[in-house]
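Each chain is listed here by its residues.
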Amino acid sequence: MKNESIWKSGAPDTLRYPGLSSDVEAEVAIIGGGITGLSVGFFLARQGIKVSVLEATYVGSGTTGSSTGNLYIAIDEMYHEVISKYDLETARLLAESRKRAMVAIDEIIGQYQIDCDYKKTSWNLIAETRDAVPKLEKEYNALIQIGIEATLSAKSAVFPDAHACLTIPDQAHFNPKKYAIGLAKAAVQAGCIIYEETRVLEFEDVDNGVLIHTTRGSLRSRKVVKATHSPIGEKLITTLLGPYREYVVAARIKTPFPSGTYWTQQDEHHYSVRTAMDGSGQTHLLCLGEPHKVGQDEENTERLKKLETYLRNRFDVGKLTYTWGAQHYKSADLIPYIGIYNNDKIFLATGYSTDGLVYGTVAGLLITDLIQGKPNDWQEIYDPKRKNPIKSAGRVFKENLNVLNEFVKGRIPFRWEADPLQNIEKGEGKVVVIDGKKYGVYRNAQGELSVVSAICPHMGCIVRWNNAERSWDCPCHGSRFTTTGKYIEGPSLQDLINILPSQEL
């Protein structure tokens, strides 16, 4: 079994574009080489705008390459909830923007002949219990009201014990890693410049723009698009985001499985099931689910076991072949934040929930219009500076109370241990206290220790160990770090402080 995304088996992380080697300039700088950053770069470059993308690692290696590759007009937050909280027109505009984004993806794949296993298929929401049926009925009525073709039936051929099945035809799925690589090539062909292995460290306001300091030089630009899922360097908007992590398991499928994306309703959450091919052309069945707040689960491996059990109880599958995690951020009021954020210099796109591939393309279309000063019907509903105190109050209060609770818990003194390092097994990580200071300590398979400061550099919360992915995760705002403290993802601009055991312990 491989502890990595299935998409990396056919399109591994390798350097395709050189890193920044000197100080440069651009009209627009984009931070992040996932589907959002590449879409913005592609659409802007086609308009003749001098644009550069700065990617800390490799194109499509982050959230984009960890998704399930599903493309659908449906949304995780459900249209009937949007209609209830807002109105019919807001839901209609959301659906319109997502439909236009899906058309754009289809056109890009066709025009540039991107080999990414793209396939038109259906999206299906399954009620596995009678209690879930009313939710499907509400969503079906909402879809019909906003003009989306859908059917609601009492049975499902794939889930014979289902109590209802809601289907939207003409949706799609693809290999997101391959698409990101193909989109990057198309963007470069249009005139976009991509710098890989170029991590942003700091932003500095200067006359007529922003100076971006990276690990490999500086880039001066008039405008900056923060397309890093969680906007790095922006502390205020993180108070409006809930960082969540979900897991994916893949297993060889032994019997034919119909094409389609299947969401199966599980209380307040759902599992997502579909087939996918790895790099050798073998078919696997994927199952995604088990969401939880980042850094707030004691036994992440248990969630992988639940997903595996779910698959085995319903389908004829072999041993697990791939497992991985994926991160998403929920906005405070059901709708993503996409647009102008600060003085017409800073643009951002975040809060996609689990619908990022399509929303990332929406961001490319919308931000391209905004930077050019063109009107766009979607601008108001996605505005990052919108103020919806009634619509967002409940989730904002809940998320920030949770953050405060985690911050306080991290400051509670641990029970002192005579030698806490001796209690750490191989492959295990623990936060320990030595001489009043908290450290994250990991012991590898060879018995060697990696020691980092347990204080997240973003806002000072204490990180926790993720035993499923062997990472240090911040329970407050979702920043994640390797066992040696290297930044993986999230709003932090810095690594955890790495400490040699011989220095302080």
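Residues numbered from 1 in each chain as written. Predicted model: local features only at pLDDT ≥ 70, side-chain atom pairs only at ≥ 80, totals over all residues. Heavy atoms only, no water.

**Student:** Help me understand the overall build of the protein chain in this model?
**Tutor:** Tallying secondary structure elements over the protein chain gives 10 helices and 25 strands in all. Compactness check: the protein chain gives a C-alpha radius of gyration of 22 Å against a globular reference of 23 Å for 505 residues, within 12% of the reference. In terms of principal-axis extent, the alpha carbons of the protein chain reach across some 65 × 55 × 50 Å. Among the 505 residues that make up the protein chain, the fraction classed as buried is 59%. About 21100 Å² of surface is accessible on the protein chain, with carbon and sulfur atoms providing 49% of the total. Seen as two clouds, the 58 positive and the 61 negative side-chain charges of the protein chain have centres 1 Å apart. (Helix = DSSP H or I, 4+ residues; strand = E, 2+ residues; numbered from the N terminus. Rg over C-alpha atoms; globule rule 2.2 N^0.38 Å. Buried < 20%, exposed > 50% of the residue type's maximum accessible area, 1.4 Å probe, protein only. Areas by Shrake-Rupley, 256 points an atom, 1.4 Å probe, with all protein chains shown as cover. Lys, Arg positive; Asp, Glu negative; His and termini not counted. Charge placed at Lys NZ, Arg CZ, Asp CG, Glu CD.)

**Student:** What's the story with unusual backbone geometry in this structure? I'm lost.
**Tutor:** Phi is mostly negative for residues that are not glycine, and the peptide bonds are mostly trans. In the Ramachandran plot, Ser 353 falls in the positive-phi region, its phi being about 55° despite a non-glycine side chain. Its location among the elements puts Ser 353 in the loop between β17 (346-350) and α7 (356-371). Classification of Ser 353 as buried rests on a relative accessible area of 4%. Backbone geometry at Arg 470 places phi at a positive 50°, although glycine is not the residue there.

**Student:** So what exactly am I meant to see when it comes to helix α5 (residues 176-190) here?
**Tutor:** Side chains three or four residues apart in an α-helix point the same way, a direct result of the helix having 3.6 residues per turn. In a regular helix each residue adds 1.5 Å, so 15 residues correspond to 21 Å; α5 covers 21 Å between its end C-alpha atoms and thus fits that length. Within α5, the full set of buried residues consists of Pro 176, Lys 177, Tyr 179, Ala 180, Ile 181, Gly 182, Leu 183, Ala 184, Ala 186 and Ala 187. One or two positions beyond α5, positive phi appears at Gly 191, with a value near 120°. (Expected span 1.5 Å × (residues − 1).)

**Student:** Looking at this model, I keep getting lost on the pattern of salt bridges. Mind explaining?
**Tutor:** Between side chains of opposite charge, a pair can form as their charged atoms come close. Going through the model one piece at a time under the given rule, you end up with 24 salt bridges. With a closest N to O distance of 2.6 Å, Asp 495 and Arg 199 form a salt bridge. Linking Asp 495 in the loop between β24 (487-489) and β25 (498-499) with Arg 199 in the loop between β7 (193-195) and β8 (200-206), this pair joins segments that are 296 residues apart in sequence. For Glu 489, the salt bridge is made with Arg 245, and the minimal N-O distance between the two is 3.2 Å. Placement of the pair is Glu 489 in strand β24 and Arg 245 in strand β11 (residues 242-253), with a sequence separation of 244 residues. As far as the burial class goes, Glu 489 and Arg 245 line up, both buried. One salt-bridge network, in which partners are shared between bridges, spans Arg 245, Glu 469, Asp 473, Arg 480 and Glu 489. (Salt bridge = Lys/Arg side-chain N within 4 Å of Asp/Glu carboxyl O.)

**Student:** How should I be thinking about the packing of helix α1 (residues 35-46) against α7 in this particular structure?
**Tutor:** The description of two helices packed together rests on the angle between their axes and the distance between the axes. Between α1 and α7, whose axes approach to 8 Å, the crossing angle comes to 35°. α7 is crossed by α1, and the crossing has right-handed handedness. Where α1 abuts α7, its residues Ile 35, Thr 36, Ser 39, Val 40, Phe 43 and Leu 44 lie against Gly 356, Leu 357, Gly 360, Thr 361, Ala 363, Gly 364, Leu 365, Ile 367, Thr 368 and Ile 371. Across the contact of α1 with α7, the residue classes tally to nine nonpolar, seven polar and no charged. (Axes fitted to C-alpha atoms, helices over the stretch in contact; angles between N-to-C directions. Left-handed = near helix turned anticlockwise from the far one by under 90°. Contact = heavy atoms within 4.5 Å. Nonpolar A, V, L, I, M, F, W, Y, C, P; charged D, E, K, R; others polar.)

**Student:** Explanation requested: the sheet that holds β24 in the structure shown.
**Tutor:** Strand order across the open sheet formed by four strands is β21-β22-β23-β24, with antiparallel pairing between neighbours. A strand with exactly one partner marks an edge of an open sheet, and here the two such strands are β21 (464-466) and β24. Here strand β23 (residues 480-481) runs beside β24; their pairing, made up of two bridges, is antiparallel. Residue Arg 480 lies in a different strand from β24, and its bridge partner there is Glu 489. (Pairing = 2+ DSSP bridges.)

**Student:** Please clarify how the packing of aromatic side chains should be interpreted in this entry.
**Tutor:** Centre distance and the angle of the planes are the two values used to describe a pair of aromatic rings. Under the counting rule described, the total for this entry stands at 14 aromatic pairs. With a centroid separation of 5.2 Å and an interplanar angle of 85°, the aromatic rings of Tyr 72 and Trp 263 are classed as edge-to-face. Taken together, the residues Tyr 72 in the loop between β3 (70-71) and α2 (79-85) and Trp 263 in strand β12 (residues 261-266) connect sequence positions 191 residues apart. As far as burial versus exposure is concerned, Tyr 72 and Trp 263 are alike and both buried. Judged by centre distance (4.5 Å) and plane angle (85°), the rings of Tyr 271 and Tyr 310 are edge-to-face. Of this pair, Tyr 271 sits in strand β13 (residues 269-277) while Tyr 310 sits in helix α6 (residues 300-314), and the two are 39 residues apart along the sequence. Judged by its relative accessible area of 8%, Tyr 271 falls in the buried class. Following the ring pairs from residue to residue traces out a cluster consisting of Phe 159, Phe 257, Tyr 262 and Phe 315. In this structure, Lys 330 is placed above the aromatic ring of Tyr 244, and the distance from its NZ or CZ to the ring centre is 5.9 Å. (Phe/Tyr/Trp six-rings, centres within 6.5 Å; stacked < 30°, edge-to-face > 60°. Lys NZ or Arg CZ within 6 Å of the ring centre and 35° of its normal.)

**Student:** How should the pairing of strand β20 (residues 449-453) be read in this particular structure?
**Tutor:** Remember that side chains alternate between the two faces of the sheet whenever the strand is regular. Counting buried residues in β20 gives four out of five residues, a clear majority hidden from the surface. Of the strand pairs in this sheet, strand β19 (residues 437-443) and β20 are connected by five bridges, and their pairing is antiparallel. For Tyr 442, the partnering residue across the bridge sits in β20 and is Ser 450. Counted along the chain from β19 to the antiparallel partner β20, the turn is five residues long, and its residue Gly 447 has a positive phi close to 90°. Across two bridges, β20 lies against β25 in antiparallel orientation.

**Student:** What am I meant to see in the pairing of β17 here?
**Tutor:** The element β17 is extensively covered by neighbouring structure, given that five of its five residues are classed as buried. A two-sided burial pattern is seen for β17, the buried positions comprising Ile 346, Leu 348 and Thr 350 on one face and Phe 347 and Ala 349 on the other. Here strand β10 (residues 217-226) runs beside β17; their pairing, made up of three bridges, is parallel. Across the sheet, Val 225 pairs through a bridge with Phe 347, a residue of β17. Pairing between strand β16 (residues 337-342) and β17: five bridges, direction antiparallel. The partner of Asn 342 across the bridge, within β17, is Ile 346.

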